[in-house]
Amino acid sequence: MRKKIVAGNWKMNKTFSEAEDLITEIADALDEMELVNTEVVLCPPTLYIEMASDVAEEANFKVGAQNIYPADAGAFTGEISPVMLKELKVEYCIIGHSERRKYFNESNEFLMAKVDSLLKHGIRPIFCCGELLPEREAGQHFAVVKKQLEESLFHLTAAAFGMVVIAYEPVWAIGTGVTASNEQAQEMHGYIRQLVAEKYGAKTAENTSILYGGSCNGKNAMELFAQTDVDGGLIGGASLKAEEFIQIVSSL
Ligand code: 13P
């Protein structure tokens, strides 16, 4: 059975002391909860990963990174390798977020290299896909998502693909307060699962966790997560407040 996952993408937010407070608050609240077949993942800025991993050792959450450079080591000034993250017990890494595609010009081909590099070290990619508003308005949203999956993921073997979590994040819903409707989310998630089934078979598709991201919050999470093919969420702004993030986890 596929896992339910709520992952918090903190993006470039919080000072070290604020991050410590937030992680402690979330860990304490998770201690009181019974999570069945459910994973909570915190993806703080890289600087805070060691601290987060120390807390995670005794807590009910996993640690994820927000980015890597696809090489084990070398002359890549300013970058972080999956080997470094693995040593700090990082289990997940967000790949292909629209902010990285937009501000850092990350192509589907480069993202493929990142996915391979993570899998080489046993770190699970949370692979983001999703269309821009003009693409949806032009009716191209299915084609855009299909191309992103085909060009960055579908070279994988079925066994390797089994490590991947997919996050559908329509770009027009990210940080805008405009969430996808339940129907829009379900329609795309169902489509993604269908694509995975065509490529890897029904069993792999059934076992793939597909998360929704984009203005998901304490109020709308329950309805979104109730959709058949929505297996949880990748949460931005609402993951920065312990109470609301926990409310979202409770909505699974
Ligand atoms: P918001 O939840 O702030 O819209 O961000 C979503 C997101 O980009 C998560 O990766």
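Described below are features of the structure shown in this document. (Residues numbered from 1 in each chain as written. Predicted model: local features only at pLDDT ≥ 70, side-chain atom pairs only at ≥ 80, totals over all residues. Heavy atoms only, no water.)

## A few points about the packing of helix H1 (residues 16-31) against helix H2 (residues 49-56)
Step number 1: Between H1 and H2, the least distance of the axes is 10 Å, while the angle of their chain directions is 20°. Put simply, H1 runs roughly parallel to H2. The crossing of H1 and H2 is right-handed. Residues Phe16, Ala19, Glu20, Ile23 and Ala27 of H1 form the contact with H2, whose own contacting residues are Met51, Ala52 and Val55.
Step number 2: In terms of residue class, the contact of H1 with H2 is made up of seven nonpolar, no polar and one charged. (Axes fitted to C-alpha atoms, helices over the stretch in contact; angles between N-to-C directions. Helix = DSSP H or I, 4+ residues; strand = E, 2+ residues; numbered from the N terminus. Parallel < 35°, antiparallel > 145°, perpendicular 65-115°, else oblique. Left-handed = near helix turned anticlockwise from the far one by under 90°. Contact = heavy atoms within 4.5 Å. Nonpolar A, V, L, I, M, F, W, Y, C, P; charged D, E, K, R; others polar.)

## Quick notes on the site of the ligand
Step number 1: Taken together, the residues surrounding the ligand are Asn9, Lys11, His97, Glu169, Ala173, Ile174, Gly175, Gly214, Ser215, Leu234, Gly236 and Gly237.
Step number 2: Here glutamate 169 contributes a side-chain N or O atom positioned 2.9 Å from an oxygen atom of the ligand.
Step number 3: Contact distances for the ligand include 2.9 Å between an oxygen atom and a backbone N or O atom of glycine 236.
Step number 4: In isolation the ligand offers 310 Å² of accessible surface; the protein chains occlude 94% of this area. (Near = heavy atom within 4 Å. Polar contact = N/O pair within 3.5 Å; in protein donor to acceptor, adjacent residues only side chain to side chain. Areas by Shrake-Rupley, 256 points an atom, 1.4 Å probe, with all protein chains shown as cover.)

## Focus on the nonpolar core
One broad trend across soluble globular proteins is that nonpolar side chains are buried collectively.
Step number 1: Formed by 65 residues in total, the largest nonpolar core has its most connected members in Phe61, Phe127, Leu149, Leu153, Ile166, Ile192 and Tyr212.
Step number 2: Beyond its immediate chain neighbours, meaning those up to four positions away, leucine 149 contacts Phe127, Cys129, Phe154, Ile166, Ile192 and Leu195.
Step number 3: Of all hydrophobic cores here, the second largest spans twelve residues; its members include Ile94, Val165, Ala167 and Leu211. (Core = buried A, V, L, I, M, F, W, Y, C linked by side-chain atoms within 4.5 Å. Buried < 20%, exposed > 50% of the residue type's maximum accessible area, 1.4 Å probe, protein only.)

## Looking at the pattern of salt bridges
Step number 1: With the rule as written, the count across this model stands at 14 salt bridges.
Step number 2: For arginine 136, the salt bridge goes to glutamate 131, with nearest N and O atoms at 2.7 Å.
Step number 3: In this structure arginine 136 comes out as buried when scored by relative accessible area, which is 14%.
Step number 4: One continuous salt-bridge network, built from bridges that share partners, spans Arg2, Arg193, Glu206, Asp229 and Asp231. (Salt bridge = Lys/Arg side-chain N within 4 Å of Asp/Glu carboxyl O.)

## Things to note about the pairing of strand E2 (residues 38-43)
Step number 1: Taken across its six residues, E2 has six buried, putting it largely inside the fold.
Step number 2: The alternating pattern of E2 places Thr38, Val40 and Leu42 on one face and Glu39, Val41 and Cys43 on the opposite face, and all of these are buried.
Step number 3: As defined by bridge partners, strand E1 (residues 4-9) adjoins E2 across six bridges and the pair is classed as parallel. Residue pairing for E2: glycine 8 is matched across the bridge by leucine 42.
Step number 4: Taken together, E1, H1 and E2 constitute a β-α-β crossover, and its handedness is right-handed. (Pairing = 2+ DSSP bridges. Right-handed = clockwise from strand over helix to strand, strands pointing away.)

## A closer look at the pairing of strand E7 (residues 210-213)
Step number 1: Residues of E7 alternate between two faces, with Ile210 and Tyr212 on one and Leu211 and Gly213 on the opposite face, all of them buried.
Step number 2: Pairing between strand E6 (residues 165-168) and E7: three bridges, direction parallel. Bridge pairing in E7 places alanine 167 opposite leucine 211.
Step number 3: Pairing between E7 and strand E8 (residues 232-235): two bridges, direction parallel. When the bridges of E8 are listed, glycine 213 appears paired with leucine 234.

## Description of the side chain of threonine 208
Step number 1: Here threonine 208 is to be found in the loop between helix H10 (202-207) and E7.
Step number 2: On the basis of relative accessibility, which here comes to 4%, the residue threonine 208 falls in the buried class.
Step number 3: A distance of 2.7 Å separates a polar atom in the side chain of threonine 208 from the backbone oxygen of threonine 204.
Step number 4: Residues within four places of threonine 208 in sequence aside, it is in contact with Arg2, Phe161, Val164, Ile166, Arg193, Val196 and Asp231.

## Points about the packing of aromatic side chains
Step number 1: Taken as a whole, this structure holds eight aromatic pairs when the rule is applied.
Step number 2: Summarising the aromatic geometry, the rings of phenylalanine 161 and tyrosine 200 are spaced 4.5 Å apart at their centres and angled 20° between planes, so their arrangement reads as stacked. In this pair, phenylalanine 161 is assigned in helix H8 (residues 158-161) and tyrosine 200 in helix H9 (residues 182-200), connecting sequence segments 39 residues apart.
Step number 3: For phenylalanine 161, a relative accessible area of 0% corresponds to the buried category.
Step number 4: Overall, the relative accessible area of 13% leaves tyrosine 200 in the buried class. (Phe/Tyr/Trp six-rings, centres within 6.5 Å; stacked < 30°, edge-to-face > 60°.)

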